[in-house]
Amino acid sequence: MTNPTIDAIIFDYGGVLVRTVDPTPRRELERRFDLSLGAADDIVFRSPRWDDVQHGRIDDADFWRDVGERLNLDAEELEDFRRGFWSGDRLDEALVDVIRHLAGEGYRTALLSNAPGALRSYIEELGIADAFEVIVISAEEGLVKPTPEIYERVLERLDVAAERAVFIDDMRSNVEAARRVGLHATRFRGPAPLRVWLRDLGLPVPEPERQLVPDLEAVIFDWGGVMEGLPEEEDVLAWERRLALETGALPEILWGETWRRLEVGAITDADYARHVAERLGLPDRDAALHFFQQFYTSDRLNQTVVDAARELRERYKVGLLSNAFPTQREVIREHHDIDVDGIFDVYVNSSAVGLSKPNPEIFHLTLERLDVAPERAVFLDDSLRNVDSARHMGLHAIQFVNPEVSLAALEEVLGHAIS
């Protein structure tokens, strides 16, 4: 199939160019101000005034003043909270380099963000404003994504037709709206899968610079999304239609708050199954288990990655670090006839240790059990937030895309073929 002609690339800001790579500061704020786990994010992003500040109905100072009032903070505490909240965020400079490269190749570039008006000056402070020909910020427009008009505005300012532009955003609703406008749009899951997607469209995206890392002692793998493929977005949408669910409901039911409690061992497999049965309108736990068997089909094993782990164990310590349910070991044995202890030197299941990625403590625990320093280990995971967190604490991290791309990247870091 012929690739479409692309003239422009439009990027989101938060969750794409700038991401929270270290969750520790927000957890510290929650402890300091006696908040529940995850409440810091809720206080900001689920605030009744967040929509107002994104629409430009109030300014940044008014928004944070409201946060302070709701938490009963004095001026000094509020400033500590504001600074601490953003302190774990980092700019993806490599992704900015990709944008600059594409601009140098003649592509028009734009930034389209749902954000307070203060974002423009912050972009200038970061020194990245020059990477974009057009910058559109919701607070300055009085419009937010996924409203169609805001996409049309950025296209008009770029002087580009929708079918000749691509759009990258981390929010599914924004991506779907962009497609309805006519843009080629993808949900951002990380720089590695984005490079593959852009290349498939025919864009000249440079390869990331990877260097041989001497003295590596350990390779750590994730399971779901690496050793075993997970359901694709199309599969999820198909199941939502089959179950008569609203778009986006199934991921929240399966991987929302109840899953997060399961993966740290706060509830049992049976508790989780009952929750899914109730939310999906199924008669009982057994019906939920039947649904799991259909949804997580057993034909997604990445055998080449499993074989790679076996090969690597002859030269390195090999670990498995998985955010998982308590009976994962038994399920892997039953479905795939694989003994995880026969492949991996160390197996860390989040539900058994009461910690989950991207919490830095679970990486520390895994490294301790492998008896290696962070800089002497490489970590493969499909989740960008886990890769960002691992890289922030010193591991060499590779975001897994598919066996061909990601094992080749691993070989570059190791400096030799795996087999």
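This structure is a prediction, so every number in the text was calculated from the model and none was measured.

1. Re the overall build of the protein chain
For step 1, the next point in the chain: In terms of helices and strands, the protein chain carries 23 helices and 12 strands.
For step 2, the next point in the chain: Over its C-alpha trace the protein chain gives a radius of gyration of 22 Å, about what one expects of a compact globule, namely 22 Å for 419 residues.
For step 3, the next point in the chain: The principal-axis extent of the C-alpha atoms belonging to the protein chain is close to 55 × 50 × 45 Å.
For step 4, the next point in the chain: Counting contacts in the protein chain only where the partners sit at least 6 residues apart, residues at least 24 apart contribute 66% of the total.
For step 5, the next point in the chain: Taken as a whole, the protein chain presents about 19900 Å² of accessible surface, with 45% of it coming from carbon and sulfur.
For step 6, the next point in the chain: Positive and negative side-chain charges in the protein chain, numbering 47 and 80 respectively, have mean positions lying 1 Å apart.

2. What to know about the sheet that holds strand E7 (residues 184-187)
For step 1, the next point in the chain: Spatially, E5-E4-E1-E6-E7 is the arrangement adopted by the 5 strands of the open sheet, whose pairing is parallel. The outermost strands of the open sheet, each flanked by one partner alone, are strand E5 (134-137) and E7. This sheet shows a mean twist of 15° between the axes of neighbouring strands, independent of strand direction.
For step 2, the next point in the chain: With 4 bridges connecting them, strand E4 (residues 108-113) and E5 associate as parallel partners. Each residue of the ladder has a partner; that of Leu112, found in E5, is Val136.

3. Overview of unusual backbone geometry
Among all residues save glycine, negative phi is the norm, and among peptide bonds the norm is trans.
For step 1, the next point in the chain: With omega at 15°, the peptide bond leading from Lys145 into Pro146 counts as cis.
For step 2, the next point in the chain: Summarising the element assignment, Pro146 is placed in the loop between helix H8 (138-141) and helix H9 (148-158).
For step 3, the next point in the chain: Residues Lys357 and Pro358 are joined by a peptide bond in cis, for which omega reads 15°.
For step 4, the next point in the chain: Here Pro358 shows up in the loop between helix H20 (350-353) and helix H21 (360-370).
For step 5, the next point in the chain: The phi dihedral of Asp215 is positive, around 65°, even though this residue is not glycine.
For step 6, the next point in the chain: Inspection of the secondary structure puts Asp215 in the loop between helix H11 (191-200) and strand E8 (218-221).
For step 7, the next point in the chain: One non-glycine residue, Ala244, adopts positive backbone phi at about 60°.

4. Quick notes on the packing of aromatic side chains
For any two aromatic rings, the description comes down to two numbers: the centre-to-centre distance and the angle of the planes.
For step 1, the next point in the chain: Throughout the structure, instances matching the rule amount to 21 aromatic pairs.
For step 2, the next point in the chain: Taking the centre distance of 5.4 Å and the plane angle of 85° together, the rings of Phe63 and Trp64 count as edge-to-face.
For step 3, the next point in the chain: An aromatic cluster is present here, built from Phe33, Phe45, Trp50, Phe63, Trp64, Phe81, Phe85 and Trp86 joined pairwise through their rings.
For step 4, the next point in the chain: In this structure, Arg26 is placed above the aromatic ring of Phe85, and the distance from its NZ or CZ to the ring centre is 3.8 Å.

5. Some details on the pattern of salt bridges
For step 1, the next point in the chain: Going through the model one piece at a time under the given rule, you end up with 36 salt bridges.
For step 2, the next point in the chain: Measuring nitrogen to oxygen at the nearest pair gives 2.8 Å for the salt bridge that ties Arg27 to Glu30. Residue Arg27 and its partner Glu30 are located together in helix H1 (residues 24-32), separated by 3 residues, close to a single helical turn.
For step 3, the next point in the chain: Taking relative accessible area as the criterion, Glu30 reaches 3% and is therefore assigned buried.
For step 4, the next point in the chain: Arg82 is paired through a salt bridge with Glu79; the nearest N and O atoms lie 2.7 Å apart.

6. Details of the packing of H9 against helix H10 (residues 172-181)
For step 1, the next point in the chain: Look at H9 against H10: their axes get within 9 Å of each other, and the N-to-C directions meet at 65°. Between H9 and H10 lies a crossing of right-handed hand. Across from Pro148, Tyr151, Glu152 and Leu155 in H9, the residues of H10 making contact are Asn174, Ala177, Ala178 and Val181.
For step 2, the next point in the chain: Of the residues assigned to the contact of H9 with H10, the class counts are 6 nonpolar, 1 polar and 1 charged.

7. Examining the environment of Leu95
For step 1, the next point in the chain: In this structure, Leu95 sits in helix H6 (residues 93-104).
For step 2, the next point in the chain: Sequence separation between Leu95 and Pro208 is 113 residues; the distance between their C-alpha atoms is 9.5 Å.

8. A short note on helix H22 (residues 384-392)
For step 1, the next point in the chain: All buried positions along H22 are accounted for by Leu384, Asn386, Val387, Asp388, Ser389 and Ala390.
For step 2, the next point in the chain: For H22, the elements touching its buried residues are strand E2 (18-20), H11, H21, strand E11 (377-381) and strand E12 (396-399).
For step 3, the next point in the chain: Looking one or two residues beyond H22, the residue adopting positive phi is Gly394, at roughly 110°.

Rules and cut-offs
- Residues numbered from 1 in each chain as written.
- Predicted model: local features only at pLDDT ≥ 70, side-chain atom pairs only at ≥ 80, totals over all residues.
- Heavy atoms only, no water.
- Helix = DSSP H or I, 4+ residues; strand = E, 2+ residues; numbered from the N terminus.
- Rg over C-alpha atoms; globule rule 2.2 N^0.38 Å.
- Contact = heavy atoms within 4.5 Å.
- Areas by Shrake-Rupley, 256 points an atom, 1.4 Å probe, with all protein chains shown as cover.
- Lys, Arg positive; Asp, Glu negative; His and termini not counted.
- Charge placed at Lys NZ, Arg CZ, Asp CG, Glu CD.
- Pairing = 2+ DSSP bridges.
- Axes fitted to C-alpha atoms, helices over the stretch in contact; angles between N-to-C directions.
- Phe/Tyr/Trp six-rings, centres within 6.5 Å; stacked < 30°, edge-to-face > 60°.
- Lys NZ or Arg CZ within 6 Å of the ring centre and 35° of its normal.
- Salt bridge = Lys/Arg side-chain N within 4 Å of Asp/Glu carboxyl O.
- Buried < 20%, exposed > 50% of the residue type's maximum accessible area, 1.4 Å probe, protein only.
- Left-handed = near helix turned anticlockwise from the far one by under 90°.
- Nonpolar A, V, L, I, M, F, W, Y, C, P; charged D, E, K, R; others polar.

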